[in-house]
Amino acid sequence: MDLSENKAEETAKTNRRIKTSGDIEVSTYLEIAKEIGGERPAAAREVVGSEERQAIVVIDFGSQYSMLITRRIRECQVYCEMVSYDAPWEKIAPLKPKGFILSGGPASVYQPGAPLAPAYIYESHLPVLGICYGMQVITKQLGGRVAPGAKQEYGHAILHLSDVNSPLFAGLEDSSPVWMSHGDRIEEMPPGFTALAYTENSPVAVMGNDQGIFGLQFHPEVAHTPQGKTILENFVYRICGCQGNWTMGNFITESLSRIKEQVGSGKVICALSGGVDSAVVATLIYRAIGDQLTCIYVNNGLLRREEVERTFKVFRENLGMKIVYVDATERFLDRLKGVVDPEVKRKVIGEEFIKVFEEEANKIGRVDFLAQGTLYPDVIESASSGSTASAKIKTHHNVGGLPAKMKLQLIEPLRYLFKDEVRQVGSELGMPEEMVWRQPFPGPGLAIRIIGEVTAEKLEILRSADFIMMNEIKKAQLYRQVWQSFAVLTDVKSVGVMGDYRTYSYLLALRAVTSEDAMTADWARLPYDFLARVSSRIVNEVPGVNRVVYDITSKPPSTIEWE
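Residues numbered from 1 in each chain as written. Predicted model: local features only at pLDDT ≥ 70, side-chain atom pairs only at ≥ 80, totals over all residues. Heavy atoms only, no water.

Novice: Please provide a residue-by-residue account of the packing of aromatic side chains, values included.
Specialist: For any two aromatic rings, the description comes down to two numbers: the centre-to-centre distance and the angle of the planes. If you walk through the whole model with that rule in mind, you get 11 aromatic pairs. When the centroid spacing of 5.3 Å and the interplanar angle of 65° are considered together, the rings of F61 and Y133 count as edge-to-face. Placement of the pair is F61 in the loop between strand 1 (55-60) and helix 3 (66-75) and Y133 in helix 6 (residues 133-141), with a sequence separation of 72 residues. Taken individually, F61 and Y133 each receive the classification buried, so the pair is uniform in this respect. An aromatic cluster is defined as three or more aromatic residues linked by ring pairs; in this entry it consists of F61, Y85 and Y133. The cationic tip of R304 hangs over the ring face of F441; the distance from NZ or CZ to the ring centre is 4.0 Å. Its end group placed over the ring of W523, R525 keeps NZ or CZ at 3.8 Å from the ring centre. (Phe/Tyr/Trp six-rings, centres within 6.5 Å; stacked < 30°, edge-to-face > 60°. Helix = DSSP H or I, 4+ residues; strand = E, 2+ residues; numbered from the N terminus. Buried < 20%, exposed > 50% of the residue type's maximum accessible area, 1.4 Å probe, protein only. Lys NZ or Arg CZ within 6 Å of the ring centre and 35° of its normal.)

Novice: Lay out the sheet that holds strand 12 (residues 323-327) with the relevant residues and their values.
Specialist: Across the sheet, which stays open at both edges, the five strands sit in the order 12-11-10-13-14 with parallel pairing between neighbours. With partners counted over all chains shown, the strands left at the sheet margins are strand 12 and strand 14 (409-411), one partner each. Ignoring strand direction, the axes of neighbouring strands in this sheet form an average angle of 30°. The pairing of strand 10 (residues 268-272) with strand 13 (residues 369-371) spans three bridges and is parallel. Among the inter-strand pairings, C270 is bridged to a residue of strand 13, identified as A371. Where helix 9 (residues 276-289) meets the sheet, it contacts strand 10, strand 11 (293-299), strand 13 and strand 14, and its direction lies at approximately 160° from that of strand 10. Contacts between helix 12 (residues 342-364) and the sheet are confined to strand 10, strand 11, strand 12 and strand 13, with strand 11 contributing the most and set at about 135° to the helix. (Pairing = 2+ DSSP bridges. Axes fitted to C-alpha atoms, helices over the stretch in contact; angles between N-to-C directions. Contact = heavy atoms within 4.5 Å.)

Novice: Please set out unusual backbone geometry residue by residue, giving values where relevant.
Specialist: If a residue is not glycine, its phi is most likely negative; likewise, a peptide bond is most likely trans. Note the cis peptide between K555 and P556, where omega equals -10°. Following the sequence through the fold, P556 ends up in the segment after strand 18 (545-550).

Novice: Please give an account of the packing of helix 9 against helix 14 (residues 419-428) that cites residues and values.
Specialist: Contact pair helix 9 / helix 14: the axes reach a minimum separation of 10 Å and the direction vectors enclose 45°. In terms of their interaxial angle, helix 9 and helix 14 are classed as oblique. The two elements helix 9 and helix 14 cross, and the hand of that crossing is left-handed. Counting all contacts with helix 9, which are made through V276, D277 and V280, the residues of helix 14 involved are K419, V422, R423, V425 and G426. A breakdown of the residues in the contact of helix 9 with helix 14 according to their chemical character gives four nonpolar, one polar and three charged. (Parallel < 35°, antiparallel > 145°, perpendicular 65-115°, else oblique. Left-handed = near helix turned anticlockwise from the far one by under 90°. Nonpolar A, V, L, I, M, F, W, Y, C, P; charged D, E, K, R; others polar.)

Novice: Summarise the state of the cysteines; cite the residues concerned and give the values.
Specialist: Scanning the model with the defined rule gives zero disulfides in all. With no disulfide of its own, C270 has C295 as its nearest cysteine by sulfur position, at a separation of 4.7 Å. With relative accessibility at 1%, the residue C270 sits in the buried group. A relative accessible area of 0% means that C295 is categorised as buried. (Disulfide = S-S within 2.5 Å.)

Novice: Residues and numbers for the confidence of the model for the chain, please.
Specialist: Interpretation of the predicted coordinates at a detailed level should be avoided for regions scoring low in pLDDT. Per-residue confidence for the chain averages 84 on the pLDDT scale, and 85% of its residues sit at or above 70. Every residue in residues 1-50 is under pLDDT 50, and counting partners more than four places away or in other chains gives 81 contacts. This stretch, residues 383-403, has a pLDDT under 50; its non-local contacts, to residues over four places away or in other chains, come to 73 contacts. (pLDDT = per-residue confidence, 0-100.)

Novice: Can you break down the pattern of salt bridges residue by residue, with the values?
Specialist: Between side chains of opposite charge, a pair can form as their charged atoms come close. Within this structure, the stated rule accounts for 28 salt bridges. A salt bridge links E561 to R449, with the shortest nitrogen-to-oxygen separation between them at 2.8 Å. In this pair, E561 is assigned in the segment after strand 18 and R449 in the loop between helix 15 (433-436) and helix 16 (456-475), connecting sequence segments 112 residues apart. The two residues E561 and R449 agree in class, both being buried. Beyond isolated ion pairs, a larger network of salt bridges with shared partners links R331, R335, E351, E352 and E359. (Salt bridge = Lys/Arg side-chain N within 4 Å of Asp/Glu carboxyl O.)

Novice: A description of the side chain of E307 should follow, citing residues and the corresponding values.
Specialist: Tracing the backbone through its elements, the reader meets E307 in helix 10 (residues 307-318). Judged by relative accessible area, which is 1%, E307 ranks as buried. Every residue in contact with E307, bar those within four places of it in the chain, is listed here: Y297, R438 and F441.

Structure, rendered in C-alpha cells:
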C-alpha cells in the first residue's frame, strides 16, 4: 500500500538512525514500509493447516502483567515465550516468531537509560503490538513524542473506536471498558501512524499503521478489559497470520521427537517426586525412549505423612517403568542443621538431590541425562525473564538451586509450560486423575513450610497438622476447588491454656489459595465452620501447637509458600 505524498514527506524525516537500546543502524521506516507493502510479512503467509509451530514473542520491559500476556496468547492456541528487552536475536531466532508484543513497564521512555526495543524488532518486518509502555517505546523509536500526562489514568476507562474497520477491532463493540495503568501519554504519533481509538483522557489510546505495527495504551491481557482477548486474537490471527495450531497434542508429538533426538542411545534418570510435573515428565520420556529411562524416587525426609506409600502405589499401578527408591532422610537432615535462610535451604536441598542422583547413576552404570519437572513459573521466579527490568523472587531448587558443575545433562520438557498446561498434557497422555490433579507440592518439601531450622521434631508436628488439614479438605470436597492447601509451622511460640495448665507452644498457620498457574493467587474463602473444625482438631491432636491462624494474603504481594 503506497503512502500519500504528505505521509511520504513525513516519513522521509525518519530516514535516520532509529534510536534503539544499542543505537544500532537499521533500515529506515520507509524502506520497511515498501518491503512489506499492504500484505502480511512473508513469515506470516503460511499454508493453512501447517503443523509447523508458530510463535509470538513477548518482549518484557518489567511489567507485572508480562507473564499474563504470554498466557493469553497461549490461550489462543499460539505458542508464546517471554524474553528480556535486551535478549540477543540469537536467542529469539530459533522460535521463528511471527510477531512481537512489547510489554508494559515501570519506566518512562524519555528518561535517560530507559529500556527500548532492540533493532531487530523493526528489522524483522514482522507485526508488532506495543502495550502501554510498549506503545510508548514504538512512539519514541519511530519518531513520535511521549510526555508526562496532565492526568494520570489508572483503572477503568471507556474505549471509543475511531476506525471500526481496523483488523485489530474485528468483532469488537464500540464504547467498551478497558483497564488503564499509565502516567505518560502520546503527544505526537510517529510518521505514518493514525489514532484508531481514544478514551476521555487519552486522545491516542490505540494507534497503528498500514504495516502491522500497533500500540495500545491500555492492558488487553487483564480480566478488567473484557474484550482484551478478542484484540489479542485479532493480532495473532488477522495481523500475524497465525493458525492457532499449538495444542497439547502437538506439544506431545514435538516433545517425543525432541527427547529421542537429544537422548539418542543415552541413559536417563528422572527425579520422581510424586507430583504431576515429574510424573508427566517421566511418562513423556518413557514413551520416547522406553527402558533407557530409570526413575529415582528420593525420600529426603521432608515429605508428608504417607507420601511414600501413596506415591509408590499410584506409580506402580499406572506408570509401569523402572523405579529405584532411595531413603536419604538422614543425610538431608544433617545438611539442614543450623540452616535458617530460605534461599540457603533451597540451595542445600538442590545440591544434595543432585549428589544423590549422581550416586545412584553410578550404581546403574553409564547415565547421561537427568530429567526434571521444571515449569515456566519456576524459571521466571528464579531468574525472572533474564531481564534487568525484573527481579528474582526466589530460587527454585531445580533451577537456581542446582550446583554450578553437574556431571549429568538436563532434560526439562516442561520448562516452558504452566501448571494447567502440564495437567492438559497429563490428560492427553491418559494419566489417571489422581496423578493429574494432585495439588502442587514444592520440591524442597516441608523444609520451606517450617520457618527457621528444620528438625525431626518440627517435621513431625507439621506432618500431623498438615495431614489433618488435607484430610478435612478432601472430606469437605474442596480439594479440586483450591490450588493448594497446607499448613506452615512458624518459628513463633505463644502462651495458651489447656485444662488448668499454661502452655507455651508453636503458632501454626493454614494456607489455601486459588490460582490458574501459580504466577498469581488469591486466598481461598474457606467456610468459617471448616476453619474452626480444622483448628480444633490441630490444637487437640497435635502436641506442640496451641494456636492456629489462617493466611489471607494474595500473591502478590506474598508468594504461595512462606519461604
